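# Coordinate analysis (summary)
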Amino acid sequence: MSALVAVVGAGPSGLVLANILHDAGVPTVVFERASRAHVEHRARAGLIEYRTVQTLRAHGLADGLLRSGTTHDSCEFRFAGERFTLDYGRFTGERVHYVYPQQFLVRDLIDRLLRNGGKILFDTPVTAISELGSGQPVVGFTDETGTERALPATFVAGCDGSLGVCRRMAPGVEQRTVTHDYRAGLLAVLSATPPITTDMVYALHRDGCAIHALRTPETSRFYLQADPGDDLTAWDDERIWAELRRRFAVAEGPLPGPGRIIEKNLFTMRSAVTEELRYGGMFLVGDAAHTITPFGGKGMNLAIADAADLARAVLLAMRTGDDRGLAGYSAEVNRRVWATQEFSHSMIDLLCATAGGDPEFHYRLQVARLKKWHSSSANAAGFASEYAG
Ligand SMILES: Cc1cc2nc3c(=O)[nH]c(=O)nc-3n(C[C@H](O)[C@H](O)[C@H](O)COP(=O)(O)OP(=O)(O)OC[C@H]3O[C@@H](n4cnc5c(N)ncnc54)[C@H](O)[C@@H]3O)c2cc1C
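Note that the structure is a prediction, hence the values are computed from the model and not measured.

## Re the overall build of the protein
The helix and strand inventory of the protein stands at 13 helices and 20 strands. Relative to the 2.2 N^0.38 estimate, which gives 21 Å for 389 residues, the radius of gyration of the protein is 21 Å and therefore close to what a compact globule would have. Burial status across the protein gives 44% buried among its 389 residues. Across the protein, the fraction of contacts at a sequence separation of at least 24, relative to all contacts at a separation of at least 6, is 71%.

## Describing unusual backbone geometry
Glycine aside, negative phi is the norm for most residues, and most peptide bonds take the trans geometry. Residue P258 is reached from G257 by a cis peptide bond, and omega for that bond is 0°. Within the secondary structure, P258 is located in the loop between α8 (237-248) and β17 (261-274). Even without a glycine there, the phi angle at A80 is positive, about 45°. Along the chain, the position of A80 falls in the loop between β5 (75-79) and β6 (82-86). You will see that D123, though not glycine, has its phi angle at about 55°, which is positive. Judged by local crowding, D123 falls into the partly exposed class, with 14 C-beta atoms found within 10 Å.

## Notes on the site of the ligand
Taken together, 36 residues form the shell around the ligand, and within it G9, G11, A45, G286 and G299 come nearest. Sort the elements by how many residues they give to the shell around the ligand and helix α9 (residues 299-320) lands first, with four residues. Counted by class, the shell around the ligand contains 17 nonpolar, 13 polar and six charged residues.

## Focus on the pairing of β6
Where β5 lies against β6, five bridges are found, and the strand directions are antiparallel. By the bridge assignment for β6, R78 is matched with R83. The turn joining β5 and β6, which pair antiparallel and follow one another in sequence, is formed by two residues; a positive phi near 45° is taken by A80.

## A word on α9
Compared with an ideal rise of 1.5 Å per residue, which puts 22 residues at 32 Å, α9 spans 32 Å between its outermost C-alpha atoms and is within 8% of the ideal. One or two positions beyond α9, positive phi appears at G321, with a value near 80°.

## Topic: the environment of R83
Turning to its location among the elements, R83 is positioned in strand β6. Measuring from C-alpha to C-alpha, the distance between R83 and V201 comes to 9.4 Å, with 118 residues separating the pair along the chain. With near-sequence residues (within four places) excluded, R83 lies in contact with E76, F77, R78, V250 and G253.

## Some words on the nonpolar core
Within the largest apolar cluster, 110 residues are counted, with the highest numbers of intra-cluster contacts made by V8, L17, A157, V285 and L310. The biggest single contributor to this core is α9, with ten residues.

## Brief notes about the packing of helix α1 (residues 12-23) against α9
The relative placement of two packed helices comes down to the angle between their axes together with the axis-to-axis distance. Relative to each other, α1 and α9 sit at 30°, their axes nearing to 8 Å. The pairing of α1 with α9 is recorded here as roughly parallel in orientation. As for how α1 packs across α9, the hand of that crossing is right-handed. Touching P12, S13, V16, L17, I20 and L21 of α1 are M300, A303, I304, D306, A307, A308, L310, A311 and V314, all from α9.

## Some details on the sheet that holds strand β8 (residues 119-121)
Ordered in space as β8-β2-β1-β12-β19-β18, the six strands form an open sheet in which the pairing is mixed. Of all the strands in the sheet, just β8 and β18 (278-279) have a single pairing partner and so form its edges.

Definitions and limits used
Residues numbered from 1 in each chain as written. Predicted model: local features only at pLDDT ≥ 70, side-chain atom pairs only at ≥ 80, totals over all residues. Helix = DSSP H or I, 4+ residues; strand = E, 2+ residues; numbered from the N terminus. Rg over C-alpha atoms; globule rule 2.2 N^0.38 Å. Buried ≥ 20, exposed ≤ 12 C-beta atoms within 10 Å, placed from the backbone. Contact = placed C-beta atoms within 7 Å. Near = placed C-beta within 6 Å. Nonpolar A, V, L, I, M, F, W, Y, C, P; charged D, E, K, R; others polar. Pairing = 2+ DSSP bridges. Expected span 1.5 Å × (residues − 1). Core = buried A, V, L, I, M, F, W, Y, C linked by C-beta atoms within 7 Å. Axes fitted to C-alpha atoms, helices over the stretch in contact; angles between N-to-C directions. Parallel < 35°, antiparallel > 145°, perpendicular 65-115°, else oblique. Left-handed = near helix turned anticlockwise from the far one by under 90°.

What follows is the structure in structure tokens.
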């Protein structure tokens, strides 16, 4: 087996990169440790920015989402018993979001790549990347028979997430990473219940925020701010629904559930930006390069933008020998990532209860900011532009 570009991970970033390179005639092989069924059913993100759709469309990768996704241009805020809708599409020249579950996009991208003769090795974990300084990195992997094998490549794209092997193999990567721990937990819930409204809903509450995110007509995603030390066992289904209803409560307005909870995960909110993404012939992409909280729904969008940038740089280098795109990849990604981190951070400041300082003072500031957005278009416009992306 020979390949020029080895892509580690069949998530959104790896699959976008592999599709673009394969279409351009670059021999590419994708390694994925999980099964095809697993990655095609792993529910995560669902909010796709307009500019992400444009990127996918430009590469012929948006057919499924344009056919079956739904567009959204407004979101709702709830606070102190009140609610209002912010029509961000009005401020952004209709730069609308698409709602299309991540697992559907992954399924489409896998299907397209395989149909076009591309190569994805499922159930094939990469175990090491070596010879990084040699000009021809080597991918070590365990094949389907359990045999350890090695594949030399011209480039390796580390698209294997924040805990993946590519980050671990990048020398000094943690020293080149700036992190922030929000000292808050977040409970992510996927339920077999229809959306409570046609909008994303962000609810401010003294005990921590709650978020309602759109997915499909039959399923919804919710987030609940939790204590950083919380244990998942403390969050039984009954408590989750009671807490969601309490935090979304307004004088008049639909409330969630109850219904079947498909999955729930508790994690500590953390952000990370890796300043250097090139390690010889290996590049870090998407979640392997940066971590962002779910506030604002930006993670998958950043991952796809990275993949498109790297594809452009690799093609330039392969076709013309011009290395400038590869040399500038880290800076290009990080310009976008820092701008997005700043937005996500401001969403957290707007919505999350804080343990520091006087919590009541912080809460009153949050209410004052939301009231400004409600009453003044000028104040709402800045949020609208960054939210739409
Ligand atoms: C609950 C939840 C909700 C989210 N909601 C949103 C949202 O609303 N909007 C948004 O934009 N983002 C959201 N995100 C973030 C988004 O899902 C990620 O940013 C996105 O998946 C990143 O894509 P990726 O391709 O970089 O990595 P991943 O999707 O993590 O893909 C990495 C792939 O690499 C594979 N892999 C790992 N190790 C190896 C190995 N050793 N060998 C081979 N393969 C390997 C994994 O199995 C996986 O398939 C959410 C995330 C979660 C967890």
